[in-house]
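# Examining the three-dimensional arrangement
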There are 2 protein chains.
Amino acid sequence: MQAIIQNNPEDPSSLSWQEAPLPELKEGEALVELHFAGLNRADTLQAAGHYPPPAGVTEIMGLEGSGVVKKANGTTRPDGTPWKDGDEVGVLLSGGGYAQFAAVPQGQLLPLPEGFDLQHTASIVEVACTVWSNIMLTARVNEGNIVLFHGGAGGIGIFGIQLAKALGAKVAVTAGSAEKLETCKKYGADILINYKEEDFAEVLKEHGGANVILDIIGAKYLDKNLSALAKDGHIVIIGMQGGVKGELNIGKLLNKRGNLSATGLRYRDKEDKARIVKDTADNVWPMLADGRITHHIDRVMPIQDVAKAHKALLDGEVTGKVVLEIAR
Amino acid sequence: MQAIIQNNPEDPSSLSWQEAPLPELKEGEALVELHFAGLNRADTLQAAGHYPPPAGVTEIMGLEGSGVVKKANGTTRPDGTPWKDGDEVGVLLSGGGYAQFAAVPQGQLLPLPEGFDLQHTASIVEVACTVWSNIMLTARVNEGNIVLFHGGAGGIGIFGIQLAKALGAKVAVTAGSAEKLETCKKYGADILINYKEEDFAEVLKEHGGANVILDIIGAKYLDKNLSALAKDGHIVIIGMQGGVKGELNIGKLLNKRGNLSATGLRYRDKEDKARIVKDTADNVWPMLADGRITHHIDRVMPIQDVAKAHKALLDGEVTGKVVLEIAR
């Protein structure tokens, strides 16, 4: 098969479409012919050498995609019925999405949401599982809560805004431009904060604090997130764009009876991923089917141009998702 | 009535038994004649000026006690049936336990556990609600988990060891002497760590990490607790004897998908307290009744000697609980 291979580990842009061995199929894995791959910030981190695949997983990048089952190999759908060869699927991957074929563990294949095609499905698997698992399975958003998303105009932000609204929450977002905030507003955000002009913690305090904060910044925002938090609130950190080590004021956390979690999907074991995928399919797929959540593909690019796609994401040019079309 | 009054806010030992106004009974509160009060470290903090009562709560110290209902005033038991004047009860308080009478909000009165007298009940209300709410309602101890208690030979430690064992967990403790560790072992602790001689994080790593850590140290142990934590583990901080501000390595937290909460009972609202009291009565009272949890009263002292009692606790002389007998 063909796949994107990084030829120089020191050079994140040395990504070329070339011959690679077909993945070996193990028991409990289906072979899927991929048509599209979703691009994630994590892929750019991996290219830069900061996000190695879990033990036993291919070095090929790509954490989500969509395509057609080639060998179901006894795997079953989230509802327990068997997958059949020829079924169209979305896939959550620990790696290997930038390729013509992927071996996908049982529990990580999903049906297409009703009314969705392969291209659109490839753009929502990772983000849906990420946002659902964090704001519902780790934190527990309740109706009437305030949920704060940093980077509201990114892929996670736009999806998160709509999911939180569908759950009956009020949504606050931070972003770095009026244009990005306008996008957030279009998708339903209630409290729009330009972090270059306002202190988000002060704004949130005026609203009584955020019950749930989904954070991609890490250290730089640690204390500010604590200030922005409501009593019994929950900060969930899923990225560290603003550094790894920060001072934690435990007294402040205690005064709020606050909770702080840091999570990720990629290194979870198969059982855990299967549990999240099923819960996401059960709860989020109906919201996609009836339009409570729409989604925004910024651009579709041929997978051969993946280095350009990574650059566009890192340069902050992207609002929503980039989808890579896989050559046949 | 008589109560313990702190005459000099600058002097934590200026505690005397003297005349005080009878508490005013509000709607939804029962009047309880107290026979015993349990002594908690929080009381010593309040005497030192570091732990003020919540707004609207008496300045009198004392977070738990036992006694007899004098005016039920329409309040009901955790099971929904009415309290009657003359019923013996345990009480969870936001303050006011060092006194002959207390006004106790609906939902914070409990029946005596089967086979328990007033003296023993006064010694377990706060600790039972604290340990249950933290290791089960905040963290979720599962069978086979490893639970680590710092200060294993203190009131919370001894209760926690037994509760965690009753839930099917393996228990690790830290303490500062062989004698204290022997006490922990007697109550069921499996992994005994003298923190003066061993690095608890290294010991826990050998066992695969702690799934739940109940911490009373705070900043000083923040990074070590993270090192000692298992994947998907939960650190619950309920004390800051080792300082308030510490460096948090978010990368380390993320690698473990760790959770960190800081909690307390005292400042929760009445609804939240009632929920915890009911859950504790439903789940922990049967463990006290059938002996799965026994408890250790270190000494019973007349309430007039409360300054001596505080000193004994602060000097580390106490193993288990101190109960104060209230003069009539």
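Thresholds applied
Residues numbered from 1 in each chain as written. Chains lettered and ligands numbered in written order. Predicted model: local features only at pLDDT ≥ 70, side-chain atom pairs only at ≥ 80, totals over all residues. Heavy atoms only, no water. Contact = heavy atoms within 4.5 Å. Buried area = accessible area lost by both parts, 1.4 Å probe. Salt bridge = Lys/Arg side-chain N within 4 Å of Asp/Glu carboxyl O. Polar contact = N/O pair within 3.5 Å; in protein donor to acceptor, adjacent residues only side chain to side chain. Helix = DSSP H or I, 4+ residues; strand = E, 2+ residues; numbered from the N terminus. Buried < 20%, exposed > 50% of the residue type's maximum accessible area, 1.4 Å probe, protein only. Least-squares fit on C-alpha atoms with pLDDT ≥ 70 in both. Pairing = 2+ DSSP bridges. Axes fitted to C-alpha atoms, helices over the stretch in contact; angles between N-to-C directions. Parallel < 35°, antiparallel > 145°, perpendicular 65-115°, else oblique. Nonpolar A, V, L, I, M, F, W, Y, C, P; charged D, E, K, R; others polar.

So, on to the interface of chain B and chain A. By a frequent convention, interface size equals the accessible area lost on bringing the separate parts together. Taken residue by residue, the interface counts 28 residues in chain B and 29 residues in chain A. Taken together, the two surfaces of chain B and chain A that pack against each other cover about 2,400 Å², and 62% of this comes from carbon and sulfur. Taken together, the links from chain B to chain A amount to zero salt bridges. Here chain B is connected to chain A by eleven residue pairs in polar contact (both at pLDDT 80 or more).

Attention shifts here to unusual backbone geometry. Residue and element names in this part refer to chain A. One non-glycine residue, Arg257, adopts positive backbone phi at about 50 degrees. Mapped onto the elements, Arg257 comes out in the loop between α8 (250-255) and β14 (259-262). The exposure class assigned to Arg257 is buried, which follows from its relative accessible area of 7%.

Once that is clear, we can look at the relation of the copies chain B and chain A. Once turned by 180 degrees and shifted 0.0 Å along the axis, chain B lies on chain A with an RMSD of 0.0 Å. In the structure described here, the two chain copies are related by an operation that fits a two-fold rotation axis. Of every C-alpha in chain B, the one belonging to Glu247 of chain B sits nearest the axis of rotation, 2.2 Å from it. In this assembly, 100% of the residues forming the interface of chain B have copies in chain A that are likewise at the interface, indicating an isologous arrangement.

With that out of the way, let us pick up the pattern of salt bridges. All names here are of chain A. Applying the stated rule across the entire model yields 32 salt bridges over all chains. The partner of Glu33 in a salt bridge is Lys70, with the nearest N and O atoms 3.7 Å apart. Remark: Lys70 occurs in strand β4 (residues 64-71) and Glu33 occurs in strand β3 (residues 29-38); sequence separation between them is 37 residues. Note on Glu33: relative accessible area 15%, which makes it buried. Under the relative-accessibility criterion, Lys70 is labelled partly exposed at 38%. One salt-bridge network, in which partners are shared between bridges, spans Glu33, Lys70 and Arg328.

So, about the sheet that holds strand β8 (residues 146-150) of chain B. Adjacent strands of a sheet pair through backbone hydrogen bonds, lying either parallel or antiparallel. In spatial order, the strands read β10(A)-β9(A)-β8(A)-β11(A)-β12(A)-β14(A)-β14(B)-β12(B)-β11(B)-β8(B)-β9(B)-β10(B); together these twelve strands make up an open sheet with mixed pairing. Where the open sheet ends on each side, the last strands, each with one partner, are β10 (191-194) of chain A together with β10 (191-194) of chain B. Within the sheet, the average angular offset between the axes of one strand and its neighbour, ignoring direction, is 15 degrees.

Right, let's get into the packing of helix α3 (residues 125-138) of chain A against helix α9 (residues 270-283) of chain A. Residue and element names in this part refer to chain A. It is the contact of α3 with α9, at a shortest axis distance of 9 Å, that shows an interaxial angle of 90 degrees. One element, α3, and the other, α9, form an angle in the roughly perpendicular class. Contact with α3, carried on its side by Ala128, Cys129, Trp132, Ser133 and Leu137, involves Arg275, Ile276, Val277, Asp279, Thr280 and Asn283 of α9 and no other residues of that element. Looking at the contact of α3 with α9 residue by residue, the class counts come to six nonpolar, three polar and two charged.

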